Amino acid sequence: MNRSYELTCKEEIKHELLNLDDDKKEFLYLQDDEILSEFYEHWLKFDAPLVDSMRGSIDETITRKMNKAIDER
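Here we summarise the structure given alongside this text. If you're wondering where the values come from, they're calculated on a predicted model, not measured in any experiment. (Residues numbered from 1 in each chain as written. Predicted model: local features only at pLDDT ≥ 70, side-chain atom pairs only at ≥ 80, totals over all residues. Heavy atoms only, no water.)

1. Brief notes about the packing of aromatic side chains
Okay, so step 1: Applying the stated criterion to the full structure yields 2 aromatic pairs.
Okay, so step 2: Summarising the aromatic geometry, the rings of Tyr 5 and Trp 43 are spaced 6.2 Å apart at their centres and angled 35° between planes, so their arrangement reads as tilted. Taken together, the residues span a long stretch of sequence, with Tyr 5 in helix α1 (residues 2–17) and Trp 43 in helix α3 (residues 35–43) at a distance of 38 residues.
Okay, so step 3: Here the aromatic cluster, defined as three or more aromatic residues joined through ring pairs, consists of Tyr 5, Tyr 40 and Trp 43. (Phe/Tyr/Trp six-rings, centres within 6.5 Å; stacked < 30°, edge-to-face > 60°. Helix = DSSP H or I, 4+ residues; strand = E, 2+ residues; numbered from the N terminus.)

2. With respect to a negative patch on the surface
Okay, so step 1: A surface patch of negative charge is lined by Asp 21, Asp 22, Asp 23 and Glu 26.
Okay, so step 2: You can see Glu 26 is positioned in helix α2 (residues 22–29).
Okay, so step 3: Classification of Glu 26 as exposed rests on a relative accessible area of 54%. (Patch = residues over 30% accessible without salt bridge, like charges linked within 9 Å, V, L, I, M, F, W, Y side chains within 5 Å. Areas by Shrake-Rupley, 256 points an atom, 1.4 Å probe, with all protein chains shown as cover. Salt bridge = Lys/Arg side-chain N within 4 Å of Asp/Glu carboxyl O. Lys, Arg positive; Asp, Glu negative; His and termini not counted. Charge placed at Lys NZ, Arg CZ, Asp CG, Glu CD. Buried < 20%, exposed > 50% of the residue type's maximum accessible area, 1.4 Å probe, protein only.)

3. A few points about the side chain of Lys 65
Okay, so step 1: Relative to the helices and strands, Lys 65 resides in helix α4 (residues 50–71).
Okay, so step 2: In this structure Lys 65 comes out as buried when scored by relative accessible area, which is 13%.
Okay, so step 3: Those residues in contact with Lys 65 that lie beyond four places of it in its chain are Phe 27, Gln 31, Asp 32, Ile 35 and Glu 38. (Contact = heavy atoms within 4.5 Å.)

4. Here we look at the side chain of Glu 16
Okay, so step 1: The topology assignment puts Glu 16 in helix α1.
Okay, so step 2: Among the residues examined, Glu 16 registers a relative accessible area of 7% and is labelled buried.
Okay, so step 3: Of the polar contacts made by the side chain of Glu 16, one reaches the side chain of Arg 55; its length is 2.9 Å. (Polar contact = N/O pair within 3.5 Å; in protein donor to acceptor, adjacent residues only side chain to side chain.)

5. Comments concerning the nonpolar core
Okay, so step 1: Counting 14 residues, the largest nonpolar core has Ile 13, Leu 17, Leu 28, Phe 39, Ile 58 and Ile 62 as the members making the most contacts within it.
Okay, so step 2: Per-element accounting of this core gives the leading share, 5 residues, to α3.
Okay, so step 3: In this view, Ile 58 contacts Ile 13, Glu 16, Leu 17, Leu 20 and Phe 39; residues no more than four positions away in its chain are not counted. (Core = buried A, V, L, I, M, F, W, Y, C linked by side-chain atoms within 4.5 Å.)

6. Considerations on α3
Okay, so step 1: Residues of α3 that are buried: Ile 35, Leu 36, Phe 39, Tyr 40, His 42 and Trp 43. Down the axis of α3, the buried side of the element spans an arc of 165°, and every buried residue falls inside it. (Arc of directions from axis to C-beta.)

Written as structure tokens, this is what we have:
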């Protein structure tokens, strides 16, 4: 049951990622294969309606990863 929930949520995350602007999509394309799991784990910490929390979680994760990439240059 837990795995079904995770898979369903990850499908919803993928759907939300399609709505991102092109710069963020390009950045995500260059990330590791575990990025979807990272979005999911971060999203689990949010306490808000599903889609709203998912969008916020995705945005925070991308911003954090982009800032880290800039700092590592």
